[in-house]
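Read off the chains here:
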Amino acid sequence: MSSSILVVGGGIGGLATAIALQSTGNDVTVIEKQADLHSSVFGVGIIQPANALRALDAIGCAQACLDAGYGAAAWGSMYDADGNFLRDMPGTLIEGSDFPPMNGVTRPHLHQILTSRANEVGVDIRYSTTFEDLEADAAGVTVRFPGGTTERFDLVVGADGVRSQVRRHVLGAEIEPHYIGQSAFRVNVPRTPEIDRIVLQASRQGMAGFVPIGPDLAYFFYNAEMARDARPPRGHLKEALLGHIAHYGGLTGRVRDEYLVNVADDDIVLRPEESLIAAAPWHKGRVVLVGDAVHTVTPHLGQGAAQAIEDGVVLAETLAAHDDHEAAFAEYTARRYERCKLVVDTCLAIGDWEKGLLPDFDNIGATNHVLTVLAQPF
Ligand SMILES: Cc1cc2nc3c(=O)[nH]c(=O)nc-3n(C[C@H](O)[C@H](O)[C@H](O)COP(=O)(O)OP(=O)(O)OC[C@H]3O[C@@H](n4cnc5c(N)ncnc54)[C@H](O)[C@@H]3O)c2cc1C
């Protein structure tokens, strides 16, 4: 069945979903409220586990990500705050593929790759565009745009992220992500030879780490325990970050002293970490949700974007397999729910461990378990 489909949100999940749906014979329009492809990119770099690469391969984007990024031979290594080695984290491979356990790529590169592919397969992307209202009936969805114009679509996909407006139409206004008490600092740093995988340094106050995202580029992150309203004012991000990591030795200490002390405040991104796993159904009538709009994933496993991309691939598969969109949406949710819940719940447990609330939690064992489960077919 070929449908006209509106995807609200041109982020990672929206673009991946649009490519998958257009490639299976649908006529897809994406509306993105930001002005262009670059202004819709938030943050610095993205971890792509092997399961993300498999999903990207299904929409023709994996090789470009590997070419643009840094494929690591292993997932990562864990050190203490002084820089003493604790444990290796091998990661998992996908049977029958050559994908590395982890590829790191810059967010602008990933957006460029997804946008080029979307254009190539014929997706209509409209920037600086949002919607005001959706009215679904038995035959389609009337979408009202600012200014009063309307357009009919067979189906609407809400890929509008953590603050989703489409979610209200599907789940009601009371289902919202919650802040988990941590915020993430991110800043690009030069890649040095020891950053050949994710390098984690745990302390009792938070988690520091490095992710390679290109031959010469990595990003540094620090997951800080922070009240929602305690965000440092503009111009004080560097001071706050340096304060959080003042006690670190090892790689974090070296990069702090040799590089981070000299970065500009504007180069640092600080994002609150929010979490949600909505119960099924993830659709109402002809409107369905993907990505952070329905399962908001904190960064502890580098899986949020991966899950959003998998959503898009599965949604396209189920719509192609069913004449009845309700049956397709129900199968989509059934195939996605447990995987996404495992990711969301394990991220929360790792976050609690980082905050000192679960001292006996084996975060490396939990990470390996999730990666192993996610390497199974989706
Ligand atoms: C600090 C941090 C680090 C992370 N690191 C990783 C990582 O390394 N690996 C990983 O896999 N995941 C990571 N994640 C998670 C990942 O970023 C998200 O899970 C992923 O971006 C979700 O994609 P999405 O398309 O659902 O939402 P988004 O990427 O947020 O995209 C939503 C899009 O919708 C647009 N939009 C919103 N409302 C409207 C509207 N009304 N009309 C039109 N457009 C609209 C927005 O402008 C945006 O472009 C991280 C998250 C955080 C907070």
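Residues numbered from 1 in each chain as written. Predicted model: local features only at pLDDT ≥ 70, side-chain atom pairs only at ≥ 80, totals over all residues.

**What about the sheet that holds strand β10 (residues 141-144)?**
Paired through backbone hydrogen bonds, the strands of a sheet run either parallel or antiparallel to each other. The strand order β9-β10-β11 describes an open sheet built from 3 strands, whose pairing is antiparallel. In the strand order of this sheet, the two ends are held by β9 (133-136) and β11 (150-153), each with one partner. Geometrically, the sheet is characterised by an average inter-axis angle of 20 degrees between neighbouring strands, direction not taken into account. The pairing of β10 with β11 spans 4 bridges and is antiparallel. By the bridge assignment for β11, Arg-144 is matched with Thr-150. (Pairing = 2+ DSSP bridges. Helix = DSSP H or I, 4+ residues; strand = E, 2+ residues; numbered from the N terminus. Axes fitted to C-alpha atoms, helices over the stretch in contact; angles between N-to-C directions.)

**Examining the sheet that holds strand β3 (residues 45-49)**
Read across the open sheet, the 3 strands follow the order β3-β7-β4; overall the sheet is antiparallel. In this open sheet, the two strands that pair with only one neighbour each are β3 and β4 (70-72). Neighbour-to-neighbour, the strand axes of this sheet turn through a mean angle of 20 degrees, independent of strand direction. Inspection of the sheet shows β3 paired to strand β7 (residues 102-106) by 5 bridges, in the antiparallel sense. Pairing of Gly-45 across the sheet is with Thr-106, part of β7. Helix-sheet contacts for helix α2 (residues 50-58) involve β3 and β7, and the interaxial angle to β3 is about 90 degrees. On the sheet, helix α4 (residues 107-121) packs against β3 and β7 and is oriented at approximately 90 degrees with respect to β7. (Contact = placed C-beta atoms within 7 Å.)

**Things to note about the environment of Pro-359**
When you line up the elements, Pro-359 lands in the loop between α9 (325-354) and α10 (363-375). On a C-alpha basis, the gap between Pro-359 and Leu-200 in space is 17 Å, while along the polypeptide they are 159 residues apart.

**Re the site of the ligand**
In the neighbourhood of the ligand, 34 residues make up the surrounding shell, with Gly-9, Gly-11, Gly-13, Gly-291 and Gly-304 lying closest. Broken down by secondary-structure element, the contributors of at least two residues to the shell around the ligand are α1 (12-23), β3, β17 (269-277) and α8 (304-321). Of all the elements, α8 adds the most residues to the shell around the ligand, at 4 residues. A per-class count over the shell around the ligand returns 13 nonpolar, 15 polar and 6 charged. Inspection of the shell around the ligand shows a minimum of three residues originating in each of domain 1 (4-70 + 103-177 + 274-375) and domain 2 (180-273). (Near = placed C-beta within 6 Å. Nonpolar A, V, L, I, M, F, W, Y, C, P; charged D, E, K, R; others polar. Domains from an automatic or database assignment.)

**Let's talk about the domain arrangement of the protein chain**
Examined at the domain level, the protein chain breaks down into domain 1 (4-70 + 103-177 + 274-375) and domain 2 (180-273). With 18 residues of domain 1 at the contact, the number on the domain 2 side is 24 residues. Those elements that place two or more of their residues in the side of domain 1 that touches domain 2 are β3, β7, β17 and α9. Along the lines of polarity and charge, the residues of the side of domain 1 that touches domain 2 split into 6 nonpolar, 9 polar and 3 charged.

**As for the packing of α9 against α10**
Close contact between α9 and α10 brings their axes to 10 Å; oriented N to C, the two are set at 165 degrees. Comparing the axis directions of α9 and α10 gives the class roughly antiparallel. Every pair of crossing elements has a handedness; the one defined by α9 and α10 is left-handed. Across from Arg-339, Leu-342, Val-343, Thr-346, Ala-349, Ile-350 and Trp-353 in α9, the residues of α10 making contact are Asn-363, Ala-366, Val-370, Val-373 and Leu-374. (Parallel < 35°, antiparallel > 145°, perpendicular 65-115°, else oblique. Left-handed = near helix turned anticlockwise from the far one by under 90°.)

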